[in-house]
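Coordinate inspection notes
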Amino acid sequence: MDFAPFNQYLPPFEHPLVISGPCSVETEEQVNETAQGLAQDTRVKVLRGGIWKPRTRPNQFEGVGDMGLPWLVQAAKSNGFLSTTEVANAHHVEAALKAGVDILWIGARTTVNPFSVQEIADALKGVDVPVWIKNPVNPDLQLWLGAIERVYGAGIHKIAAIHRGFSSSAPTPYRNAPRWELAIELKRLLPELPFICDPSHICGRRDLLQHVAQKALDLEMQGLMLESHRNPDAAWSDAKQQVTPSRLTELLSDLVLRSTAPTQANVHQHLQNLREQVDLIDEELLEKMAARMNLVSEIGKYKSHHGITILQMDRWRTVIEKWNREGLLHHLDSEFIHQLLQVVHKESIRLQTEVMNQPERKK
Ligand code: PEP
Ligand code: MN
C-alpha cells in the first residue's frame with residue numbers, strides 16, 4: 001500500500017506533529033478560547049474536537065452534533081490550524097466534509113465494526129481527504145488492518161494510524177492499556193504508514209501523559225494527539241485526562257527528542273557490538289528452548305505409555321515456585337517471569353497433547 005507521508009498534505013512541522021484540542025466541542029467560545037491558547041505554541045498544527053461522541057452509556061453528553069462543526073472549523077481557521085473530528089457513519093462524513101473539516105478520524109469504537117467502517121469508506125469514495133484510523137477497542141490487529149484496508153480501498157491514501165490503547169481486563173494504571181507491541185507489529189507490517197499516538201486516551205489521567213508521550217516518540221511515532229481544554233476540570237467529557245494549553249506547552253517542551261539512527265561512527269560501532277552479544281545469547285536461548293521442548297515431548301510419550309495425565313498440579317506449582325525464586329535471584333521482573341512461564345508452559349502442554357493423541361505405531 002502506498003500511503004501519503006504527512007509532509008504531502010500538512011503544513012511544514014518539526015517532529016513530532018502535534019494535534020490538540022478538546023475531547024468534545026462544547027460551545028463556540030470554549031473551542032475558540034482553547035484554540036487561541038493552543039496558538040501560542042507553534043508546535044500545534046491541527047485542532048481536534050469531537051462533535052459526535054460515542055459514549056459507553058446513554059444519558060451522558062453525546063456531543064453537540066452538526067451545529068458544532070462550523071465552530072470547530074472557524075476556531076481552527078482563525079488560529080492557523082487544520083481541523084479534525086471523529087466520524088462514525090456516512091452522515092458524519094458528509095456533514096464534516098460539507099463544513100470544511102480538513103481531516104477525519106475513525107474512533108476506536110468504530111474500528112471494531114467492519115459494517116460501520118465500510119459505510120464510512122463508501123461515503124468517502126471519490127473524496128481526497130486524510131483519514132486517520134484509531135486502533136479498535138479490543139487488542140485485535142486484524143480489525144485495525146481491516147479498517148485501514150477498507151479506507152484505502154475507497155481510494156484514500158492519506159491515512160495514518162492512531163494508537164490509543166486497548167481495553168483490558170487485567171489491572172493496569174491506564175484507562176486503555178498501551179500494548180505497545182501491537183502498534184510495533186502494525187508498523188512492521190505497514191512500514192510506510194504514518195503513526196500518531198494518543199496518550200490522552202491511553203492514560204485517562206494527566207499525570208501519566210508525559211511518560212506515554214515520551215515512550216511514543218522513543219518508538220518512532222511521528223505524531224502526538226493530546227486533548228486540551230481551556231478549563232479541563234469543567235470539561236463535559238474526559239475531564240481527568242485533558243490539560244490546559246499552557247500545560248501542553250510544558251509537556252511538549254519536556255519531551256526528549258532522540259535521533260532515529262546513530263550518526264557518529266563510534267556510537268554506531270558500540271551499539272553494533274552490544275547487539276552482536278544479544279544475538280549470540282538469543283541463539284543460545286533458542287537452542288536451549290528446543291532442547292527443553294524435546295524433553296517435554298519425551299515426557300509426554302512416557303506419560304502416555306503409562307496412562308498418566310498431562311497436568312500434574314503439584315509439579316506445576318513446584319515449577320512456578322522455582323521460576324519465581326530463580327527469577328528473583330537474577331533480578332528479573334516478576335511479571336515478566338510470570339508471562340514467560342505461561343507461554344512456555346502453554347507450548348509444553350500443546351506438545352504433550354499432540355504426542356498423546358498420536359496413533360500408536362504398529363510394533
Ligand atoms: C476521542 O478521541 O475523544 C475518542 C472518543 O477517542 P477513542 O475513539 O480513542 O475512544
Ligand atoms: Mn476524549
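Please refer to the structure higher up on the page.
Residues numbered from 1 in each chain as written. Chains lettered and ligands numbered in written order. Predicted model: local features only at pLDDT ≥ 70, side-chain atom pairs only at ≥ 80, totals over all residues. Heavy atoms only, no water.

Remarks on the coordination of the manganese ion (ligand 2)
Around the manganese ion (ligand 2), the protein contributes the donor atoms Cys 23 (SG), His 201 (NE2), Glu 227 (OE) and Asp 238 (OD), which lie 2.0 to 2.4 Å from the metal centre. In primary sequence terms, the donor set of the manganese ion (ligand 2) follows C-x177-H-x25-E-x10-D. With His 201 in helix H8 (residues 199–203) and Glu 227 in strand S8 (residues 223–227), this residue pair connects regions lying 26 residues apart in the sequence. For Glu 227, a relative accessible area of 1% corresponds to the buried category. (Donors = N, O, S within 2.8 Å, 3.2 Å for Na, K, Ca; no water. Helix = DSSP H or I, 4+ residues; strand = E, 2+ residues; numbered from the N terminus. Buried < 20%, exposed > 50% of the residue type's maximum accessible area, 1.4 Å probe, protein only.)

With respect to the layout of surface pockets
Reported here for the largest pocket is a volume of approximately 1,000 Å³. For the largest pocket, the lining is made up of 30 residues, of which Arg 292, Arg 315, Val 319, Trp 323 and Val 344 are closest to its centre. Elements that contribute at least two residues to the lining of the largest pocket include exactly helix H11 (265–305), helix H12 (313–329) and helix H13 (334–356). With ten residues, H11 is the single largest residue contributor to the lining of the largest pocket. Broken down by class, the residue content of the lining of the largest pocket amounts to 18 nonpolar, six polar and six charged. (1 Å grid on protein atoms, 1.4 Å probe; cavity = no way out; pocket = protein on both sides within 12 Å on 5 of 7 lines; lining within 4 Å. Points joined across faces, edges and corners; volume = space filled by probe spheres on them. Nonpolar A, V, L, I, M, F, W, Y, C, P; charged D, E, K, R; others polar.)

Focus: the side chain of His 163
With respect to the secondary-structure elements, His 163 resides in strand S6 (residues 159–163). Among the polar contacts listed, one links the side chain of His 163 to the backbone oxygen of Pro 178, at a separation of 2.6 Å. Ignoring sequence-local partners within four residues, the contact set of His 163 consists of Asn 135, Trp 144, Pro 178, Arg 179, Trp 180, Ala 183, Phe 195, Ile 196, Cys 197, Asp 198, Ile 202 and Met 221. (Polar contact = N/O pair within 3.5 Å; in protein donor to acceptor, adjacent residues only side chain to side chain. Contact = heavy atoms within 4.5 Å.)

Structural notes on the packing of aromatic side chains
Enumeration over the complete set of coordinates arrives at seven aromatic pairs. Geometrically, the ring pair formed by Phe 3 and Tyr 152 is edge-to-face, given 5.6 Å between the ring centres and 70° between the ring planes. Taken together, the residues Phe 3 in the segment before strand S1 (17–21) and Tyr 152 in helix H6 (residues 141–153) connect sequence positions 149 residues apart. Each member of the pair, Phe 3 as well as Tyr 152, carries the same accessibility label: buried. With a centroid separation of 6.4 Å and an interplanar angle of 75°, the aromatic rings of Trp 144 and Phe 166 are classed as edge-to-face. Here Phe 166 lies in the loop between S6 and helix H7 (180–189) and Trp 144 lies in helix H6, a separation of 22 residues in the sequence. By the burial criterion, Trp 144 is buried, and Phe 166 matches it. Among the aromatic residues, those joined into a cluster by ring pairs are Phe 6, Tyr 9, Phe 13 and Trp 132. (Phe/Tyr/Trp six-rings, centres within 6.5 Å; stacked < 30°, edge-to-face > 60°.)

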